[in-house]
Amino acid sequence: MLSVLLIWMYMLFTCYVAGFACIRMIFGKENFRCKRETGYLYAGVGAVTVYAQFFSIFGKVGLAANLLLLLACGACIFLFRKEMGENFHALRLTTTPVKAAVAALLFLLFAYGTSTGIIHYDTGLYHAQSIRWIEEFGVVPGLGNLHSRLAYNSASFCLSALYSMAFLGGQSYHCCAGYLAFLLALVCGEAFFARTMGRAGVRRRPRLSDFARIISVYYLLNLFDEMISPASDYFMVLLALYIIIRWLELLEDEESSYLPYAMLCLLCVVVMTVKLSGALILLLTLKPAVMMLRTKGSGKDIAKFLGAGILTATPFLIRNVILSGWLVYPFTFLDLFSFDFKIPKGMADYDAHEIQVWGRGYSDVSRYGEPVTRWLPDWIRNLDGTDKVFLALALSGLLALLLLVVYALVRKKRDMADFLHIAGTLAACFLFWLLSAPLIRYGCVFLWMLPTLVWGWLYLHVSPHLDRFKLYYIAIILLGTYKLWAFGLETGKTLTAEYLVNQKDYENFETVPYELHGYTFYYPASGDRTGYRDFPASPVKASSGEGKDIFRGNTIEEGFTASDRE
């Protein structure tokens, strides 16, 4: 736990400075201030994630990457020392002892949760190995030919490698998912302080962003014992929840500037580079794009944000090509390259089909072509009770959203456009997830948020006339008491002092070593997981037969080509 606390303090420093500098440079001197300090931290998460990806293209992400990051942070502090000083002064004046105590408590609580818990199955399968490859080599051409899942490029793995501190010679720490969970907990806590610490009569009625926060708290409680794993799904969901909350707040505060919306859209690009299942959240970019086009003299800002968006996506796409030979692996609809390390199309297609059928609850890839009417009933039957309720609310919410669109068009309700935009974006994300690879952890944010926004909006517009019993508050008290009680019991059962200093290490499994080009490789003695320690490893032994050598040259840095496996 102590190790996590120290790494998080380093992350808070670097992310805050990087985020402050990026917002200052993009917004300009007059318009750069965030209303909340967490805005700088999230901007920094995005900036550092892009930085780590770029660095991995040229070399391993370790000591040099961190030294360069610290050097850049030092330069930013010097350049923007006046603005930062003013910002810290304002923060000191607005931070009450109660707020500071709650933030410290959350910091300790989530650091503990990140120090111990359940290691995700896929972490032993490929997350840990992917991160170690970035720590040891950066990016290696055709790495997916050694193990196809090592071509599942996610920006979150580069971020994890940057802050793993493996270069210190101890264990490789995996603290980033827990760090994002802590930041989201701070964001959720802001509404509590706005209600309890604000002026009398301020924000007594709930807002739609409050509903989004409730879902976020629900996710954090479910994630608490799993956020120790560096799974890309967690990164995507945590970032998407933040974007939705902030977007709703901007709408509720009637924000007229396109700048804060555009900054959130840059974070949407980061979400896409973390997990492709969240790619359609980029539909949110329509709002700032329209606002910019309607504003005179915004041509420079259009070019600035378009360039920033391209810059954010570029290292992700470059890494995709180097790892697999495909622009967006494992999808082969964009066949642009013919490198000798390119993963064969048949293997890539099989991988894509396997992801989709696995999401539908099957392991037989031959069932990929089944119509939705055949696999969907089985998938629904295997959901737990809570998710079945959310699915019913989401499907009925789609119908309600369609009726609201018709109503808005017929009655020319332009004031509904912003709500319909974000609800429509979530509907598109939900349908994309549901009809492709609907594994709950891939898209729970859309399964839960779509009905929350649609039915929450309807409740807020009906409740002033009908809700004399404050149904919202009664439901929150009942559900909150139940969930917190269950969370407390579950956490109490697993309470341990074993990891008060160091974080629980990656799981490791028994492996079989073999030689290939003078290097020792590993594959599991049983099963398909190898963990982090034995490196490099893959679920099966790479072939080294004549004419089928997986090495492109004589060294690992030169990469791998496609070959048969034993």
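Conventions adopted
- Residues numbered from 1 in each chain as written.
- Predicted model: local features only at pLDDT ≥ 70, side-chain atom pairs only at ≥ 80, totals over all residues.
- Heavy atoms only, no water.
- Helix = DSSP H or I, 4+ residues; strand = E, 2+ residues; numbered from the N terminus.
- Rg over C-alpha atoms; globule rule 2.2 N^0.38 Å.
- Buried < 20%, exposed > 50% of the residue type's maximum accessible area, 1.4 Å probe, protein only.
- pLDDT = per-residue confidence, 0-100.
- Phe/Tyr/Trp six-rings, centres within 6.5 Å; stacked < 30°, edge-to-face > 60°.
- Lys NZ or Arg CZ within 6 Å of the ring centre and 35° of its normal.
- Contact = heavy atoms within 4.5 Å.
- Polar contact = N/O pair within 3.5 Å; in protein donor to acceptor, adjacent residues only side chain to side chain.
- Axes fitted to C-alpha atoms, helices over the stretch in contact; angles between N-to-C directions.
- Left-handed = near helix turned anticlockwise from the far one by under 90°.
- Nonpolar A, V, L, I, M, F, W, Y, C, P; charged D, E, K, R; others polar.
- Salt bridge = Lys/Arg side-chain N within 4 Å of Asp/Glu carboxyl O.
- Core = buried A, V, L, I, M, F, W, Y, C linked by side-chain atoms within 4.5 Å.
- Pairing = 2+ DSSP bridges.
- Expected span 1.5 Å × (residues − 1).
- Parallel < 35°, antiparallel > 145°, perpendicular 65-115°, else oblique.
- 1 Å grid on protein atoms, 1.4 Å probe; cavity = no way out; pocket = protein on both sides within 12 Å on 5 of 7 lines; lining within 4 Å.
- Points joined across faces, edges and corners; volume = space filled by probe spheres on them.

Let us look at the overall build of the protein chain. The helix and strand tally for the protein chain stands at 19 helices and 2 strands. Computed over the C-alpha atoms, the radius of gyration of the protein chain is 24 Å, within 12% of the 24 Å expected from 2.2 N^0.38 for a compact globule of 566 residues. With respect to the principal axes defined by its C-alpha atoms, the protein chain has extents near 80 × 60 × 55 Å. Burial analysis of the protein chain (566 residues in total) assigns 55% to the buried set.

This part takes up the confidence of the model for the protein chain. The predicted model of the protein chain has a mean per-residue pLDDT of 90, with 93% of residues at 70 or higher. Here helix 19 (residues 471–493) is the element of the protein chain with the lowest mean pLDDT, 74, and helix 7 (residues 155–162) is the one with the highest, 98.

Counted by the stated rule, this structure contains 37 aromatic pairs. Pairing Phe-107 with Phe-182 gives two aromatic rings, centres 5.2 Å apart and planes at 70 degrees, and the pair type is edge-to-face. Of this pair, Phe-107 sits in helix 5 (residues 97–115) while Phe-182 sits in helix 8 (residues 176–196), and the two are 75 residues apart along the sequence. Positioned over the ring face of Tyr-532 is Arg-132, at 5.0 Å from the centre of the ring.

Moving on to the environment of Leu-267. Within the secondary structure layout, Leu-267 lies in helix 11 (residues 259–274). For the pair Leu-267 and Val-48, spaced 219 residues apart in sequence, the C-alpha separation works out to 12 Å. Ignoring sequence-local partners within four residues, the contact set of Leu-267 consists of Tyr-42, Gly-46, Tyr-242 and Ile-243.

So, on to the side chain of Thr-511. On the secondary structure map, Thr-511 appears in strand 1 (residues 511–516). A relative accessible area of 16% places Thr-511 in the buried class. Of the polar contacts made by the side chain of Thr-511, one reaches the side chain of Asp-534; its length is 2.5 Å. Beyond its immediate sequence surroundings of up to four residues, Thr-511 is in contact with Tyr-522, Tyr-523, Pro-524, Ala-525, Thr-530 and Asp-534.

What follows covers unusual backbone geometry. As a rule of thumb, non-glycine residues mostly have phi less than zero, and peptide bonds are mostly trans rather than cis. With an omega of 10 degrees, the peptide bond between Tyr-329 and Pro-330 qualifies as cis. Considering the arrangement of structural elements, one finds Pro-330 in the loop between helix 13 (299–324) and helix 14 (345–359). Each neighbour pair has its own omega, and for Phe-535 with Pro-536 the value is -5 degrees, a cis peptide bond. Summarising the element assignment, Pro-536 is placed in the segment after strand 2 (519–524). Positive phi, close to 60 degrees, is recorded for Met-165, a residue that is not glycine. Within the secondary structure, Met-165 sits in the loop between helix 7 and helix 8. Its identity as a non-glycine residue notwithstanding, Lys-412 has a phi of 55 degrees, on the positive side. Residue position: Lys-412 is located in the loop between helix 16 (385–410) and helix 17 (417–435).

Looking now at the side chain of Asp-534. Relative to the helices and strands, Asp-534 is located in the segment after strand 2. Since its relative accessible area comes to 11%, Asp-534 is described here as buried. In this structure, Asp-534 is in contact with Gln-129, Arg-132, Phe-509, Thr-511 and Tyr-522, ignoring residues within four places of it in sequence.

Think of two packed helices as two axes; the pair is described by the angle between the axes and how far apart they sit. Packing of helix 1 (residues 2–27) against helix 4 (residues 81–94) brings their axes to within 11 Å, and their N-to-C directions diverge by 115 degrees. As helix 1 packs across helix 4, the resulting crossing turns out to be right-handed. Between helix 1 and helix 4, the residues in contact are Tyr-16, Val-17, Phe-20 and Arg-24 and Glu-83, Met-84, Asn-87 and Phe-88, respectively. Counted by class, the contact of helix 1 with helix 4 contains 5 nonpolar, 1 polar and 2 charged residues.

Take the pattern of salt bridges next. According to the stated counting rule, one finds 21 salt bridges in the structure shown. A salt bridge links Arg-132 to Glu-136; the nearest nitrogen and oxygen atoms lie 3.3 Å apart. On the criterion of helical spacing, the pair formed by Arg-132 and Glu-136 is a turn pair, its members being 4 residues apart in helix 6 (residues 121–136). The class for Arg-132 is buried, based on a relative accessible area of 16%. Taking relative accessible area as the criterion, Glu-136 reaches 34% and is therefore assigned partly exposed.

So, about the environment of Val-372. Along the polypeptide, Val-372 turns up in helix 15 (residues 372–381). Since its relative accessible area comes to 34%, Val-372 is described here as partly exposed. Along the sequence, Val-372 and Leu-434 sit 62 residues apart, while their C-alpha atoms lie 9.8 Å from each other.

Moving on, we come to the nonpolar core. Core analysis: the largest hydrophobic core is formed by 159 residues, its most contacted members being Trp-8, Phe-110, Tyr-163 and Phe-430. With 16 residues, the single largest contributor to this core is helix 10 (residues 232–252). If we skip the residues at most four places from it in the chain, Phe-110 touches Trp-8, Ala-181, Phe-182, Ala-185, Leu-220, Phe-224 and Met-227. Counting residues in each nonpolar core, the second largest holds 18 residues, with Ile-57, Val-140, Leu-323 and Leu-516 among its members.

Moving on, we come to the pairing of strand 1. In terms of strand pairing, strand 1 meets strand 2 through 6 bridges, oriented antiparallel. Looking at the pairing, Glu-515 lines up with Thr-520 of strand 2. Connecting strand 1 to the next strand, strand 2, in antiparallel fashion are 2 residues, including His-517 with a positive phi near 55 degrees.

A word on helix 2 (residues 38–58). Its 21 residues place the ends of helix 2 31 Å apart at the C-alpha level, agreeing with the 30 Å of an ideal helix rising 1.5 Å per residue. Of all 21 residues making up helix 2, 18 are buried, and the element is well covered by its neighbours.

In this section: the packing of helix 16 against helix 17. Orientation of helix 16 relative to helix 17, taken along the N-to-C sense of each, is 140 degrees, at an axis distance of 11 Å. By the angle between their directions, the pair helix 16 and helix 17 is classed as oblique. The element helix 16 and its partner helix 17 pack so that their crossing is left-handed. The residues of helix 17 that touch helix 16, namely those facing Leu-391, Ala-394, Leu-395, Leu-398, Leu-401, Leu-404, Val-405 and Ala-408, are Phe-419, Leu-420, Ala-423, Gly-424, Ala-427, Phe-430 and Leu-431.

Quick look at empty space enclosed by the protein now. Counted under the stated rule, the structure contains 2 cavities of 30 Å³ or more. In this structure, the largest cavity encloses a volume near 70 Å³. Together, 13 residues line the largest cavity, and Ser-130, Ile-134, Leu-150, Arg-319 and Leu-323 are the ones closest to its centre. No other element matches helix 6, which puts 3 residues into the lining of the largest cavity. Its boundaries defined by the atoms lining it, the second largest cavity holds a volume of some 40 Å³. Lining the second largest cavity are Val-45, Thr-49, Ser-156, Leu-159, Leu-180, Phe-235, Leu-239, Val-270 and Val-274. For the lining of the second largest cavity, the elements supplying multiple residues, two or more each, are helix 2, helix 7, helix 10 and helix 11. Here the residues of the lining of the second largest cavity are counted per class, giving 7 nonpolar, 2 polar and no charged.

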